[in-house]
Structure formats: structure tokens, C-alpha cells
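Listed here are the chains, written in short residue letters.
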Amino acid sequence: MSNTDQKITIIPFTTELKDAIKILNYEWLERYFRIEPKDERVLSNPQEEIIDKGGLIFYAQYNQAIVGTVSLLKIDDGLFELTKMAVTDSVQGLGVGALLLHHIDSITFENNIKKLILYSNRTLLPALHLYRKFGFKEVDLEPGIYDRADIKMEKEIG
């Protein structure tokens, strides 16, 4: 981060912040891909689709604004999908994505998370580099998860 007293903090989901996940992800999806029906459903109902199903949502806050988000969608006991990660353009380069992933690393044990998976696209080179830096490795991609996904990665915890 540049010469500033401001810091980025990671905060958990609250109902007051429920729209932020949709706003941030729509900004990203509309720029690079398109919004798929699954995206619309999850992003319009994060409480029901993520939190109530045992998942977690976190936000990055900078200068009192929500500038990034990441979610953990529970697949089954111990297995979660790292999903709906987005950082707004105005703070690209400040390390927001890395801070979100550091936070995910710090909460895996207390949430009994044994493995993380994620779906991405090979054109997103900075994101793939970041995921690899945090220990994700490419695995076989099953079809039909997201139209835009052409790579699946996973990370064993512990």
C-alpha cells in the first residue's frame, strides 16, 4: 500500500452489507464474462445461498468503503468452494485479494475446513498466480459448473 494511514480490514458478512457481494461481483462479471443464472441466484440471496447453508462471506473495507469480497460455499463437511471473490478496480494493486486469501487461511482450522476448491478461467492470469501463491494446485475440471470456468484448483488444508 502507498504512503497512507488507511488500512484494509477484513470484516464478516452482515445483512446490512448483503448488497455489496452482488455489486462487486457484477462489476467483475460484466467486465470479463457474463452473469450466469447460478450467479444471479447466489448473489441476490447470499444469506440463503451461502450463509444459511453453512458458508461464510467476508468483505475488505478500505476508507470506510467495501472494496472486496470472498465467500466460502459449503459443499460438504470439510469441503468448501472459494467463490464470489471480487475486488473493485479502484483498489487493484493494493493487495486486497491477498489479504482476503490470508484471512481465509486463518479461519480454515476453526471452521474445520479440510479442502478448498475453486473454479476460474485461464485468461485471469493475476488471479491464477495469486491462487498458486496461496497453495492451490490445478486438478481435473468437471463440466457444467460455470460456463466461464476452464480451470479447477484445490488446496488441502493441514
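For the structure itself, look to the data block above.
Bear in mind that the values here come from a model prediction, so they are computed numbers and not experimental data.

About the cut-offs
- Residues numbered from 1 in each chain as written.
- Predicted model: local features only at pLDDT ≥ 70, side-chain atom pairs only at ≥ 80, totals over all residues.
- Heavy atoms only, no water.
- Phe/Tyr/Trp six-rings, centres within 6.5 Å; stacked < 30°, edge-to-face > 60°.
- Buried < 20%, exposed > 50% of the residue type's maximum accessible area, 1.4 Å probe, protein only.
- Lys NZ or Arg CZ within 6 Å of the ring centre and 35° of its normal.
- Salt bridge = Lys/Arg side-chain N within 4 Å of Asp/Glu carboxyl O.
- Helix = DSSP H or I, 4+ residues; strand = E, 2+ residues; numbered from the N terminus.
- Core = buried A, V, L, I, M, F, W, Y, C linked by side-chain atoms within 4.5 Å.
- Contact = heavy atoms within 4.5 Å.
- Pairing = 2+ DSSP bridges.

Asker: Could you clarify how one ought to interpret the packing of aromatic side chains in this entry?
Answerer: The geometry of an aromatic ring pair is captured by two quantities: the separation of the ring centres and the angle between the planes. Per the stated rule, a full pass over the model turns up five aromatic pairs. Ring centres 6.5 Å apart and planes at 45 degrees place the aromatic pair Y32 and F33 in the tilted group. What makes Y32 partly exposed here is its relative accessible area of 44%. Feature note: the residues W28, Y32 and F33 constitute an aromatic cluster, connected by ring pairs. The ring of Y146 carries the charged tip of K38 above its face, separated from the ring centre by 4.6 Å.

Asker: It is not clear to me how the pattern of salt bridges should be interpreted in this structure. Could you clarify?
Answerer: Side chains carrying opposite charge are able to pair once their charged atoms draw close together. Inspection of every chain in the model, using the stated rule, returns 16 salt bridges. K115 serves as the salt-bridge partner of E154, at 3.6 Å between the closest nitrogen and oxygen. One end of the pair, E154, is in strand β7 (residues 151–156); the other, K115, is in strand β5 (residues 115–120), with 39 residues separating them in the sequence. What makes K115 partly exposed here is its relative accessible area of 25%. What you see here is one network of salt bridges that share partners, running through E36, D39, K84 and R148.

Asker: Looking at this model, I keep getting lost on the nonpolar core. Mind explaining?
Answerer: The tendency in soluble globular proteins is for nonpolar side chains to be buried as a group. In terms of nonpolar packing, the biggest core is built from 28 residues, with L72, L82, M85, V96, Y131 and F136 touching the most fellow members. Not counting residues within four places of it along the chain, the set of residues in contact with L82 comprises V70, S71, L72, L101, I104, I117, L118, Y131 and F136. Judged by nonpolar contacts, the second largest core, of 11 residues, contains F13, V42, Y59 and L73.

Asker: I tried to follow the environment of T108 on my own but got confused; where do I start?
Answerer: Summarising the element assignment, T108 is placed in the loop between α4 (96–107) and β5. Residues T108 and I157, 49 residues apart in the sequence, show an inter-C-alpha distance of 7.5 Å.

Asker: So what exactly am I meant to see when it comes to the pairing of β7 here?
Answerer: Residues in a regular strand project their side chains so that they alternate between the two faces of the sheet. Two strands pair when backbone bridges link them, and β5 and β7 are joined in this way by six bridges, in the antiparallel orientation. Looking across to β7, one finds that K115 is bridged to E156. As judged from the three bridges shared by strand β6 (residues 137–139) and β7, these two strands associate in the antiparallel manner. Within β7, the residue paired with K137 across the bridge is E154.

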